[in-house]
Amino acid sequence: MIPARYQPPLPLDRLLLPVGAPGAGDRMELDVLIVGAGPAGLACAIELAHLAQRDRTDVNIGVLEKAEALGEHSLSGAVVNPRAFRELFPDVKDADFPFRGPVERERVALLTARRAFTLPTPPTMHNAGNYVASLCEIVRWLGERATALGVNLFTGFPAASLLVDGRRVMGVRTTATGLDREGGRLSNYMAPNDLLAKVTALAEGTRGSLSQAWLDWQGVTSENPQIFALGVKEIWETKRPLDAIVHTLGWPIPTDAFGGSFMYPLEPKLVALGLVVGLDYRDAALDVHELLQRMKRHPLFRRHLEGGELVEWGAKTIPEGGYYAVPARRSGDGVVILGDSAGFVDVPSLKGIHYAMQSGMFAARAIYAGLRAGDASAAGLAEYDRLVNASFIMSDLYRTRNMRLAFKDGFYVGGVKAGLMTVTGGRFPGRKIAVEPDANVERTLTPGASPGITPDGRHTVSKVDGVFKSGNATRDTIPRHLVIGSDVPAAVAEFYAHMCPAGVYEVVQGALRVNAPNCVDCKATDVLGPRWTPREGGSGPKYKLM
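Participant: Hey, could you go over unusual backbone geometry for me, with residue numbers and the actual values?
Facilitator: In this model, Gly77 is joined to Ala78 through a cis peptide bond whose omega is -5°. Following Phe428, the chain continues into Pro429 via a peptide bond in cis, with omega recorded as 5°. You can see Pro429 is positioned in the loop between helix H12 (411-423) and helix H13 (463-469). The backbone of Arg56 shows a phi angle near 55°, a positive value even though the residue is not glycine. With phi around 80°, Lys523 is a residue other than glycine that occupies positive phi space. On the secondary structure map, Lys523 appears in the loop between strand E24 (511-514) and helix H15 (524-528).

Participant: Could you give an account of the pattern of salt bridges, with specific residues and numbers?
Facilitator: Scanning the model with the defined rule gives 30 salt bridges in all. With a shortest N-O distance of 3.1 Å, Asp31 and Lys198 are connected by a salt bridge. Here the residue Asp31 occupies a position in strand E2 (residues 27-35), and Lys198 occupies one in strand E14 (residues 194-202), the gap between them amounting to 167 residues. Bridged by salt links that share partners, the residues Glu68, Glu72, Lys542 and Lys544 form one connected network.

Participant: For the state of the cysteines, give the residues involved together with the corresponding values.
Facilitator: Following the criterion strictly, the structure yields zero disulfides and no others. Cys500 takes part in no disulfide bond, and the closest cysteine sulfur to it belongs to Cys522, at a distance of 5.9 Å. Looking at Cys500, the relative accessible area reads 7%, which means it is buried.

Participant: Kindly report on the pairing of strand E13 (residues 185-190), identifying the contributing residues and their values.
Facilitator: Along any regular strand the residues' side chains alternate between the sheet's two faces. Counted residue by residue, E13 has zero buried out of six residues, so it is predominantly exposed. Linkage of strand E12 (residues 177-179) to E13, two consecutive antiparallel strands, is achieved through a turn of five residues, within which Gly183 is found at a positive phi near 90°.

Participant: Quick one: what's the story with helix H9 (residues 353-373), residue by residue and with numbers?
Facilitator: In a regular helix each residue adds 1.5 Å, so 21 residues correspond to 30 Å; H9 covers 30 Å between its end C-alpha atoms and thus fits that length. Of all 21 residues making up H9, 16 are buried, and the element is well covered by its neighbours. Backbone geometry just after H9 places Gly374 at a positive phi near 70°.

Participant: I'd like a description of the sheet that holds strand E6 (residues 106-111), backed by residues and values.
Facilitator: The seven strands are arranged E7-E6-E16-E17-E18-E15-E19 in an open sheet whose pairing can be described as mixed. Every interior strand has two partners, whereas the edge strands, strand E7 (116-119) and strand E19 (309-319), have only one. Taken pair by pair, the neighbouring strands of this sheet meet at an average axis angle of 20°, ignoring direction. With nine bridges joining them, strand E15 (residues 228-237) and strand E18 (residues 270-278) adopt antiparallel strand pairing. By the bridge assignment, Leu230 is partnered in E18 with Val277. Each of E15, strand E17 (259-267), E18 and E19 is contacted by helix H6 (residues 288-295), which is oriented at about 135° to E18, the strand it contacts most.

Parameters at a glance
Residues numbered from 1 in each chain as written. Predicted model: local features only at pLDDT ≥ 70, side-chain atom pairs only at ≥ 80, totals over all residues. Heavy atoms only, no water. Helix = DSSP H or I, 4+ residues; strand = E, 2+ residues; numbered from the N terminus. Salt bridge = Lys/Arg side-chain N within 4 Å of Asp/Glu carboxyl O. Disulfide = S-S within 2.5 Å. Buried < 20%, exposed > 50% of the residue type's maximum accessible area, 1.4 Å probe, protein only. Pairing = 2+ DSSP bridges. Expected span 1.5 Å × (residues − 1). Axes fitted to C-alpha atoms, helices over the stretch in contact; angles between N-to-C directions. Contact = heavy atoms within 4.5 Å.

Here's what the structure looks like:
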């Protein structure tokens, strides 16, 4: 089975609209519109405000966020390199940043089903000087500072479409609210709004739908296609403190798949743990949520979780293609693409937050210069690409350019190749390792090969219980936001059911059933199956600690 054969095309007719298209309600004009209030978008807004404040000029900045409140859709590991924070806030001490604490001890382990063997920490994974953090808390902290600088934050407003004029991006149209399942208007219906801007910055996070649409429309490619991983994460209150950050390789991930796990201390008795698996896996019955539940029974994890309580659950995809998957350009006529939407993630070091923030700052400098010169054209905003290309973002990604890609041949072969790449500073193998899109990877579904586990409700939870712990309060009557391919065979439907960590897809009497309100916007479905499109504002999870 090859998932791409059953995946519908990107719905460009919905994601790209001519400016002035009928159907909008209110209209607002801004100097700069930023789509997404994550680290990249908020860093961009703050740096823009700093530059305007320095020159005593006014720049009207708006930030759209699809979550009902800041941080509610933000999820990451997270161990943070503070470099970008220090540059954005040079007068703030590390102790005053929104971090939980410095990394004081770290451990890497190879797991078997019952044992954990300590490994030397790979050079790319050394975290001395870095900090454990909650991305939700980082985003809320950045939002407070952006607001204090006069930035307009609009939460609960997803951007549904890019507004375009010729080849120029003019702004976005938000989603409508108050529609029933069939798209009919309810009594609380509110029409979508058009927000126009001289420059639109797309900071949508992983697998941004508008970013995908713009890259497709403009024919912007990369040397390799972007590939992704799916991470499922939990927050636990524990009885036993964790005194080090822990990363693991091996079990329960099959040897022909790429991935690993983490466990980080947030407080003496509050622990974050998760499992990340590359979406180029070949077993169609592989289920990342189920693997995480199985992993928690391992002695390494169980001794910390015994007697504890699951506080929060969530899931998200991560761009893993690295240097060769970054688009050839991330700027155009009236638009720039930031952070995860551009693929600025370094998998070997497990880092992306400081790259996202730094890209936001570079974008702000290019945008501000363009506005001052009266030039928000592709040529005027090309400075953003020049700044990124000359920075540590691309030099870091280049140094580790083939490490993740080496694992396409399996865990053991990939481990040997990655070791040689580390020793040679990335020079081995002397060429690009080519990969194909995750949806093009052939999968095999073996009936009965994955018997699953029965959740006990204490250490292990079902997908439905996980969605409940995500705070998801999406109304049941919301229109379906997932674009499904036609004639989905039962085997493909079963693949979707295993792949989705939130129980959105079920196989009922051999047919696919879609429980769209369960969706937590992880975007795994968009990589391998039905397309994800923006839905009513405030839908999805309500993360507090992720």
